Each structure stands twice: as structure tokens, then as C-alpha cells.
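A closer look at the structure
Residue-level listing of the chains:
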Amino acid sequence: MSIKSIQNLYKTVLSEMILNNIDSNLSLPRRCTKESLQKLLESTITTIKQHLILVLDEIDQIETTIKTSSDIYRLFEMPYLPNSKLILIGIANSLDFTDRLLPRLELKPENKPKVIKFLPYSKEDIISIVKDRLARVQQMYDNCVIIDDRAIMLCASKVASANGDIRKVLDICRRAIEFNEQEAKFNNIDTIKTVNIAQMMKIFNQVNPITNSNLDRNTMPLMQKILLCTVLLCNIEMKIKEISLSKLFEKFSKICKSYSTNVDSESEFVNLCTLIQDNGLIEIKKNKDVRNYKISLKIDEQELKEKLQDETFMADILTNKAYK
């Protein structure tokens, strides 16, 4: 659950303690002010017999949620109250979180949080994790090779040299496998091809860098611009918000020919749509038949139209009768 304020945090913790019958005499005050909740929580954690473990994830975002530094310090000092049974575990992405946000804790060495650093995954770690995951999946495909070892090494090397984010590696591998699955489905083939180096590199380049929803038209790839404008054009022509993937692909291919570019297959087009969906620009509603997937814009159409028409070729797409 997300925490919106220190008051919300105190209330959430106390409510969970009541729900789990940590203290049979515990009840929320009539007026749940920050002060009353804080006092009640401090009183409770110093009188209960059992330990209470509180885990706060993404804790380096706490400064945007809890505006007052004194409230943050009060929270981190609670485990050190006399007879306190609270164990506070914070999970942060930044390694300098306590030094940057809680320097005052340095004045009391006994109150300084114990920091455990988990270093980024190495290339070897990433390869081992991916192969372990693949071993489970390959059993579903008669133990055929799903991703070529050289493709795994390529992906692992690139991500390890950047930030070692295993989530990004798994996401790239998932996209590559899904692409081949969709291609096999479109071609009515029972077995999927092995992901090779070229395919892995193509997926990697699509994911890095990720284009966000500020619609920076100077850096957004041409294919993404054309696709977004094609969705808008279909909205205008058909007067509907959701367009089937088959109709969108037909219109998209027609427009791409004018710019001497195109995706190689309908399955690659699905992959392009998925990438833009991950960036929060469109929404894909899935169906048993991939061709009947519904595509819609997730941002204001007028705003998108104004931004895209800043470029001559985009304005041409929206007004050119050849694309009608």
C-alpha cells in the first residue's frame, strides 16, 4: 500500500495492529491527528510483549511524502525508544539514503541505522538467473532452446555495464520470447524460433532509452511518432476511441510506405504497440484473437494532435487524403 503522509502511516500501522490483535486494549482515538496517533503508536510499541516488524519499501521517496524532516527523524528514532519492540526495515534504491536524508542520526551513533548494501548484479549473476528461469520455461517447450546463449550474454553484458538491473534483463527477455510466440501464432507454427543475437539487440534498443509521455518529438523514434499519429487519425476518421489492432496495422503500414519504413510483420507491430503502452501513451485491451486487440490513446487527443503537428510530416498524416 502507498503512504500519503506521516499521519496516514501511523494510522495504517495502528489499524494493522488492531486487526491482528497485537494488543487487545488498543483502539484508534476519536480524533486521528498526527500528534494523537504518534503518541499512541509510541506508547504501544514500548508496552507490547512481542516484536513488531515494519517494512517500508521505496523509502528513498519518503522525502516527497513526508515533508517535515522532524517527522522523518521521529519515525527513525522510534526503534530506539526505551523498551521499544519496533524493528524498522527500510528498502531504498539510493545507497546514500541515510547520509543524505538523515545526517542528524550521525550525532547519536547508537541510533544510526545499520546499512546493508546489495550491489548490482554482475554479468555472471545475470546469466545464471536468466538460465535458471529459462530452464523452467523450456520444460513447457519440450526442452528446446528458447534464447541463444550468445543472446543472453549480450543482454547481460549491456545491462551489467549500466546498472545491473535484473528486472530490465527479464523484461527484455520476456519481450523477445513474446515476439517469437506472436510470430509463430500469426504463421500457424507450433514451435517458436530461438531468440538470436539480432533479435535480442533489436528488443534491447527499443527498451533503451525509454521514451516517456512528455512527447519529446526531437528524440522519439519515427515509428513511434507515426503509430501515435495513426491512432489519432483513426480516432478522427472512425469517431471511436478504441481501434482494432488489425485496422490500425493496415492504416499504419499504408502510412509507413510513404516514408520508406515499416515493421517486418504484424507480430513486430504488436511489439511496437506494447513498447508505447509501457511508456504510458496508449492502452492495449487484449483479446483471444490478437488481431482484435483494442488500441486507444491514454493522453488527451487535442494535446497530442498539437504536439505532433509541430512537424510537417505529422501534419501531413492528419490531413493527407491519400491516407483516408
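Residues numbered from 1 in each chain as written. Predicted model: local features only at pLDDT ≥ 70, side-chain atom pairs only at ≥ 80, totals over all residues. Heavy atoms only, no water.

A separate point is the overall build of the protein. Counting secondary structure elements, the protein contains 14 helices and five strands. In the protein, which comprises 324 residues, the share counted as buried stands at 39%. For the protein, restricting intrachain contacts to residue pairs at least 6 apart in sequence, the fraction spanning at least 24 positions comes to 66%. Here the protein displays about 18900 Å² of accessible surface, and carbon together with sulfur accounts for 50% of that area. (Helix = DSSP H or I, 4+ residues; strand = E, 2+ residues; numbered from the N terminus. Buried < 20%, exposed > 50% of the residue type's maximum accessible area, 1.4 Å probe, protein only. Contact = heavy atoms within 4.5 Å. Areas by Shrake-Rupley, 256 points an atom, 1.4 Å probe, with all protein chains shown as cover.)

This paragraph deals with a nonpolar patch on the surface. Residues Ile53, Val55, Ile87, Ile89 and Ile91 make up a contiguous nonpolar surface patch of about 410 Å² in total accessible area. One can find Ile53 in strand S1 (residues 52-56). On the basis of relative accessible area, Ile53 is assigned to the exposed category, the value being 54%. (Patch = residues over 30% accessible without salt bridge, like charges linked within 9 Å, V, L, I, M, F, W, Y side chains within 5 Å. Salt bridge = Lys/Arg side-chain N within 4 Å of Asp/Glu carboxyl O.)

Another aspect to go through is the packing of helix H9 (residues 197-207) against helix H12 (residues 266-278). One can describe the packing of H9 onto H12 by two numbers: an axis separation of 11 Å at closest approach and a directional angle of 30°. Here H12 runs roughly parallel to H9, going by the angle between their axes. Crossing of H9 over H12 shows right-handed handedness. Facing H9, whose interface residues are Lys202, Ile203, Gln206 and Val207, H12 presents Glu268, Asn271 and Leu275. A class-by-class count of the residues in the contact of H9 with H12 yields three nonpolar, two polar and two charged. (Axes fitted to C-alpha atoms, helices over the stretch in contact; angles between N-to-C directions. Parallel < 35°, antiparallel > 145°, perpendicular 65-115°, else oblique. Left-handed = near helix turned anticlockwise from the far one by under 90°. Nonpolar A, V, L, I, M, F, W, Y, C, P; charged D, E, K, R; others polar.)

Bringing the packing of aromatic side chains into the picture now. Taken as a whole and judged by the stated rule, the model has two aromatic pairs. Ring centres of Phe249 and Phe269 lie 5.1 Å apart, and the angle between their planes is 50°; this geometry places the pair in the tilted category. Of this pair, Phe249 sits in helix H11 (residues 245-258) while Phe269 is found in helix H12, placing the two residues 20 residues apart along the sequence. By relative accessible area, which is 0% here, Phe269 ends up buried. Summarising the aromatic geometry, the rings of Phe252 and Phe269 are spaced 5.0 Å apart at their centres and angled 40° between planes, so their arrangement reads as tilted. Linking Phe252 in helix H11 with Phe269 in helix H12, this pair joins segments that are 17 residues apart in sequence. Judged by its relative accessible area of 0%, Phe252 is buried. (Phe/Tyr/Trp six-rings, centres within 6.5 Å; stacked < 30°, edge-to-face > 60°.)

Here we take up the confidence of the model for the protein. Averaged over every residue, the pLDDT of the protein is 82; residues scoring 70 or more account for 87%. Mean pLDDT across the secondary structure elements of the protein bottoms out at helix H13 (residues 301-308), with 66, and peaks at strand S3 (residues 243-244), with 94. (pLDDT = per-residue confidence, 0-100.)

Further remarks concern the nonpolar core. Of all hydrophobic cores here, the largest spans 34 residues; its most connected members are Leu227, Leu248, Phe252, Phe269 and Ile282. Elements with a minimum of two residues in this core: helix H10 (222-238), H11, H12, strand S4 (282-285), strand S5 (294-297) and helix H14 (312-319). Element by element, the count of residues in this core is highest for H10, at nine residues. Leaving out residues up to four positions away in the same chain, Leu248 has contacts with Leu227, Thr230, Val231, Cys234, Ile243, Phe269 and Ile295. (Core = buried A, V, L, I, M, F, W, Y, C linked by side-chain atoms within 4.5 Å.)

In this fold, Ile3 is placed in the segment before helix H1 (6-19). C-alpha separation for the pair Ile3 and Leu56, spaced 53 residues apart in sequence, amounts to 9.5 Å.

A few words now on the sheet that holds S4. Pairing within the open sheet is antiparallel, and its three strands lie in the order S3-S5-S4. With partners counted over all chains shown, the strands left at the sheet margins are S3 and S4, one partner each. Pairing analysis gives two bridges linking S3 to S5, with the strands arranged antiparallel. Bridge assignment links Ile243 to a residue of S5, and that residue is Ile295. Of the strands in this sheet, S3, S4 and S5 are in contact with H10, which crosses S5 at around 95°. (Pairing = 2+ DSSP bridges.)

Here we come to the side chain of Glu183. Relative to the assigned elements, Glu183 resides in helix H8 (residues 166-186). If we skip the residues at most four places from it in the chain, Glu183 touches Lys193, Ser265 and Ser267.

As enumerated under the stated definition, the model contains 14 salt bridges in all. Two residues, Asp132 and Arg136, come together in a salt bridge whose shortest N-O distance is 2.8 Å. Here Arg136 and Asp132 lie together in helix H6 (residues 123-138), a separation of four residues that amounts to about one turn. The class for Asp132 is partly exposed, based on a relative accessible area of 41%.

The phi angle at Glu58 is positive, at roughly 50°, despite the residue not being glycine. By secondary structure assignment, the location of Glu58 is in the loop between S1 and helix H3 (62-65). Take Glu58: its relative accessible area is 37%, and that puts it in the partly exposed class. The backbone phi angle of Lys239 is positive, close to 60°, even though this residue is not glycine. Mapped onto the secondary structure, Lys239 falls in the loop between H10 and S3. Classification of Lys239 as exposed rests on a relative accessible area of 75%.

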